[in-house]
Amino acid sequence: QVQLVESGGGLVQPGGSLRLSCAASGSIFSINVMAWYRQSPGKQRELVAQIISGSTTTYADSVKGRFTISRDNAKNTVYLQMNSLKPEDPAVYYCYAQIKERSVSYYRNYWGQGTQVTVSS
């Protein structure tokens, strides 16, 4: 059974930084895409950043130059370094991964439980 467990959310002042982590555990054979999404009240969940199994990354325009996604394949972990946080960044941040378990021949989509990021002075 695969799980994604996030950590690192919290309260930060405008201009501050946070680092989110998401560790995948369970019977994992391989992980393709790992990503971070966010959702704020009344809005749809949106892609923040993704990283494919090699190192190809994609970012939402709103976070380019401020956020950096990275992954440690040995630890099945993805990180999101968030710098220069703005008042429009608060949301619940969700980890996402495409994972192939040892017992199946295809990739499945998995989500973490979400971690709250609040930006306030």
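Refer to the structure printed above.
Our subject in this report is the structure included herewith.

Reading the values: the criteria
- Residues numbered from 1 in each chain as written.
- Predicted model: local features only at pLDDT ≥ 70, side-chain atom pairs only at ≥ 80, totals over all residues.
- Heavy atoms only, no water.
- Pairing = 2+ DSSP bridges.
- Helix = DSSP H or I, 4+ residues; strand = E, 2+ residues; numbered from the N terminus.
- Axes fitted to C-alpha atoms, helices over the stretch in contact; angles between N-to-C directions.
- Disulfide = S-S within 2.5 Å.
- Buried < 20%, exposed > 50% of the residue type's maximum accessible area, 1.4 Å probe, protein only.
- Core = buried A, V, L, I, M, F, W, Y, C linked by side-chain atoms within 4.5 Å.
- Contact = heavy atoms within 4.5 Å.

This part covers the sheet that holds strand E1 (residues 3-7). Pairing in this open sheet of four strands is antiparallel, and the strands run E1-E3-E8-E7 from one edge to the other. Each edge of the sheet is formed by a strand with only one pairing partner; in this case those strands are E1 and strand E7 (67-72). The sheet shows a mean angle of 15° between the axes of neighbouring strands, direction not considered. Taken together, the six bridges between E7 and strand E8 (residues 77-82) define a ladder with antiparallel strand orientation. Counterpart to Asp72 in the pairing with E8 is Thr77.

This part is about the state of the cysteines. For the structure on display, the rule yields one disulfide. In this model, Cys22 is linked to Cys95 through a disulfide, with the two sulfur atoms separated by 2.1 Å. Between Cys22 and Cys95, the disulfide has an S-S torsion of -80° and is therefore left-handed. Of the two residues, Cys22 sits in strand E3 (residues 18-25) while Cys95 sits in strand E9 (residues 91-101), which places them 73 residues apart along the sequence. With a relative accessible area of 0%, Cys95 lands in the buried category.

Across soluble globular proteins, nonpolar side chains have a tendency to be buried as a group. Ranked by size, the top nonpolar core spans 30 residues in total, and within it Trp36, Leu80, Met82, Tyr93 and Ile99 carry the most contacts. Those elements that provide at least two residues to this core are E3, strand E4 (28-39), strand E5 (46-51), E7, E8, E9 and strand E11 (115-119). When residues no more than four places from it in sequence are discounted, the contact partners of Met82 are Gly16, Ser17, Leu18, Leu20, Arg66, Phe67, Tyr93 and Val117.

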